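# Remarks on the overall topology
Listed below, chain by chain, are the residues.
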Amino acid sequence: MDGGMSGAVWIERVQGLLPDAVFGRPAGAEAIARCEQALGVGLDEDLRALLAEADGIEDEYGGGLVWPVERIRVDNQRFRASAEFARLYMSFDDLLFFADAGNGDQFAFVLRHGRTDVFAWDHENDSRRWVAPDLVKYLTWWLDGTISL
């Protein structure tokens, strides 16, 4: 199952990798549209489909495997608007944060030419490292330990 997943496939896929995952209620189309409008970018097609099925996914410890749409909006706006972050870090304008590693590091899509790549942002040294070609591989590799931070 690569890319373009829809229906209950997202929940089934994650439950297959992490049976104790906690899923939010589906995000409405209006909430997703408000997020996209507020950020001035369209969400990744797979992320949009996942949010429509489950508005956020947490691991058994409350870790944000995929944030709810409102957190995606708020955190991305805060990162882009913060004067303190502008002094400390490179611009976040080309990133769309959607998940965290539980240690301060975060996962983001790169906002370039329709790419679906997922990068890990290290909050200590501001590095941005490619970790997966798309949302499906991010979830699979993060949950099976292929991705380590």
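Every chain's residues receive numbers from 1 upward, in the order its sequence appears when written. In view of the model being predicted, local features appear only for residues whose pLDDT reaches at least 70, and side-chain atom pairs are presented and counted only at 80 or more, with totals across whole chains, interfaces and linings using the full set of residues. As a rule here, side-chain values come from all non-hydrogen atoms in the structure, and water together with hydrogens is ignored.

For the rest of this paragraph, the subject is the confidence of the model for the protein. Mean pLDDT over the protein works out to 91, with 95% of the residues at or above the 70 mark. Below pLDDT 50 for its whole length, residues 1-6 participates in 15 contacts with residues either more than four positions away or in separate chains. As a per-residue measure, pLDDT tells how confident the predictor is, with possible values from 0 to 100. Every residue pair with non-hydrogen atoms within 4.5 Å of one another is taken to be in contact.

This next bit is on the packing of aromatic side chains. What counts as a ring pair is set by centres within 6.5 Å for rings of Phe, Tyr and Trp (its six-membered ring), and what kind of pair is set by the plane angle: stacked under 30 degrees, edge-to-face over 60, tilted for all other angles. The final tally for this structure, using the stated rule, is 16 aromatic pairs. Aromatic pair Phe-79 and Phe-85: ring centres 4.8 Å apart, planes at 65°, arrangement edge-to-face. Side by side, Phe-79 and Phe-85 carry an identical accessibility label, which is buried. Only protein chains enter the accessibility calculation, which uses a 1.4 Å probe; a residue is then buried when its area is under 20% of its type maximum, exposed when over 50%, and partly exposed in between.

Here a helix means four or more residues in a row that DSSP labels H or I, a strand means two or more in a row labelled E, and each is numbered from the N terminus. By the alternation rule, side chains of strand E6 (residues 118-121) split into Val-118 and Ala-120 and Phe-119 and Trp-121, which are all buried. Being paired, for any two strands, means DSSP has found at least two bridges between them. Sheet topology note: the strand E5 (residues 106-110)/E6 ladder contains four bridges and is antiparallel. Paired with Phe-107 across the two strands is Ala-120, which belongs to E6. Relative to strand E7 (residues 128-132), E6 is paired through four bridges, and the arrangement is antiparallel. Bridging from a neighbouring strand, Ala-120 pairs with Arg-129 of E7. Counting the residues in the hairpin turn of E6 and E7 gives six residues, including Asp-126, whose phi is positive at 65°.

With that settled, the discussion passes to the nonpolar core. Across soluble globular proteins, nonpolar side chains show a tendency to be buried alongside one another. Leu-47, Phe-98 and Tyr-138 are the most contacted members of the largest nonpolar core, which has 40 residues in total. Per-element accounting of this core gives the leading share, five residues, to strand E4 (residues 95-100). If we skip the residues at most four places from it in the chain, Leu-47 touches Val-66, Ile-72, Leu-96, Phe-98, Phe-109 and Leu-135. By nonpolar core we mean a set of buried residues, namely Ala, Val, Leu, Ile, Met, Phe, Trp, Tyr and Cys, connected to one another through side-chain atoms within 4.5 Å.

All right, on to helix H3 (residues 45-53) then. Listed as buried for H3 are Asp-46, Leu-47, Leu-50, Leu-51 and Glu-53. One side of H3 carries all its buried residues, which in axial view fall inside an arc of 160°. Whenever two N or O atoms come within 3.5 Å, that pair is a polar contact, provided that in protein one can donate a hydrogen and the other can accept it, and provided that, for residues adjacent in sequence, both atoms are side-chain atoms. For H3, the capping residue at the N-terminal end is Asp-44, with a side-chain oxygen 3.0 Å from the backbone nitrogen of Asp-46. Note that the arc is computed from the directions linking the helix axis to the C-beta atoms.

The residue Asp-126 is not glycine, and still its phi comes out positive at about 65°. Looking at where Asp-126 falls in the secondary structure, it is placed in the loop between E6 and E7. On the basis of relative accessible area, Asp-126 is assigned to the buried category, the value being 9%.

Taken residue by residue, helix H6 (residues 135-144) has Leu-135, Val-136, Tyr-138, Leu-139 and Thr-140 as its buried positions. For H6, the N-terminal cap is Asp-134; the gap from its side-chain oxygen to the backbone nitrogen of Val-136 is 3.2 Å. Gly-145 lies just past H6 and shows a positive phi near 90°.

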